[in-house]
Amino acid sequence: MNWRKWNRWLHRELGYVFFGMTIIYGLSGIALNHYVARHWTPDTVIRSEQFEVNPGLTKKSVDKEVIRDILEQVGETDNYKQYYFPSDRELMIYLKGGHITLNLKTGKGLLVKVRNRPVFREVNYLHYNKPKQLWTWFSDLYAVSLILLAVSGLFIVRGKNSITRRGGILTLIGILIPLIFLAIYLWF
Amino acid sequence: MFVLPVMMIACNQSEKKSGDAVSAAIEEILASPGDFEGKAVVLTGMVTHVCKHGGQKCFVLAGDGESQIRVNAGPELDEFDVALEGSTVEFTGIFKTLTVAETTELQESNDSMVHHQNERAHKEAENAAYFLEASSYREITE
């Protein structure tokens, strides 16, 4: 068996074994990009809903009856945790899975509900190596395998699309693009 | 259910030993942070905010219902769960104080973050030189 056959074998086997890992890291990579750019929070889904109560409340006038009325109005009586006043004009009510903020003077409130975002929560948990322990080694193995997949992939095809011809140009473009970004944003 | 537990937490907290750590009310610590420098401390209060970006710090309300203290996750902890917000939590850790240069750096870093530029009730605690570096915590109530 010549080296090309071994190369194809390695590329194929690693490709199959680490298909799942590549999807996990690809999805969470997108999530991480937009998390860092502060476009969204990938692990959670946040839903906000405005509501109004009678205006003119004060810190002194807020008691358990007022809190109960607010919770009943927004349908969150069963989710109550605690409350406090972040300032003289604001009330914060904490809920299981969210919170309520209320402007005491205007009576305008915002109910914020937070729940876990399926799929992204799980892939991010793995990508950020939250499990630690054995997962550290398995994800290291995947990272090394990804390098082997990339390198072995360069030598799969022969002919006009091989690494020495058109494939080489495409590979070079793929290397140059991140270098250009580094040059623009980091180095100069 | 509708009790405001932040009031009761501090009221029954005088300095007492909990294992090797000194248990103290947040107001006591804030009144004389120098007395607690480098000590193992246990403090309890309602978590008002968990930093959403990484969960590496949270803010805990004192019994006066206004003052807050910053609690950072120590090396033993991965992060604080956002679900802690609104819960009364007992934190154990080492009380630390930053140098003047470190405090300035912290404040500049906080000011540079867009989401930190709004009025925030925990702003003073966020910029404070002192904080608890927590090694463990446990939720007392939800």
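Just so you know, these numbers come straight off a predicted model, no measurement behind them.

Caption draft 1: Here's a closer look at the overall build of chain A. Across its full length, chain A carries six helices and five strands. Tracing chain A from N to C terminus, the helices and strands come up as α-α-β-α-β-β-β-β-α-α-α. The C-alpha radius of gyration computed for chain A amounts to 27 Å, which surpasses the reference 16 Å derived for 188 residues by more than 25%, pointing to a less compact arrangement than a globule. Principal-axis analysis of the C-alpha atoms places the extent of chain A at approximately 85 × 40 × 25 Å. For chain A, the share of sequence-separated contacts (at least 6 apart) that also reach a separation of at least 24 residues comes to 53%.

Caption draft 2: Region of interest: the interface of chain A and chain B. Contacts between the two partners involve 16 residues from chain A, matched on the other side by 16 residues from chain B. Secondary structure elements with two or more residues in the side of chain A that touches chain B: α3 (64–74) and β2 (80–87) of chain A. It is β2(A) that contributes the most residues to the side of chain A that touches chain B, eight residues altogether. Residue composition of the side of chain A that touches chain B, grouped by class: seven nonpolar, four polar and five charged.

Caption draft 3: Structural detail: the domain arrangement of chain A. Under the domain assignment used here, chain A contains domain 1 (1–43 + 127–154), domain 2 (44–116) and domain 3 (157–188). The centre of domain 1 of chain A, based on its C-alpha atoms, is set 44 Å off from the matching centre of domain 2 of chain A.

Caption draft 4: Inspection of the sheet that holds strand β1 (residues 44–52) of chain A at higher detail. Residue and element names in this part refer to chain A. Overall, antiparallel pairing links the five strands, which are arranged β1-β5-β4-β3-β2 in an open sheet. Looking at strand neighbours, the two that pair on one side only are β1 and β2, the edges of this open sheet. Taken pair by pair, the neighbouring strands of this sheet meet at an average axis angle of 15 degrees, ignoring direction. By the bridge criterion, six bridges tie strand β3 (residues 90–95) to strand β4 (residues 98–103) in an arrangement that is antiparallel. Bridge assignment links M92 to a residue of β4, and that residue is T101. In the packing of α3 onto the sheet, contacts are made with β1, β2, β3, β4 and β5 (108–116), and the angle to β4 comes to roughly 115 degrees.

Conventions we followed
- Residues numbered from 1 in each chain as written.
- Chains lettered and ligands numbered in written order.
- Predicted model: local features only at pLDDT ≥ 70, side-chain atom pairs only at ≥ 80, totals over all residues.
- Helix = DSSP H or I, 4+ residues; strand = E, 2+ residues; numbered from the N terminus.
- Rg over C-alpha atoms; globule rule 2.2 N^0.38 Å.
- Contact = placed C-beta atoms within 7 Å.
- Nonpolar A, V, L, I, M, F, W, Y, C, P; charged D, E, K, R; others polar.
- Domains from an automatic or database assignment.
- Pairing = 2+ DSSP bridges.
- Axes fitted to C-alpha atoms, helices over the stretch in contact; angles between N-to-C directions.

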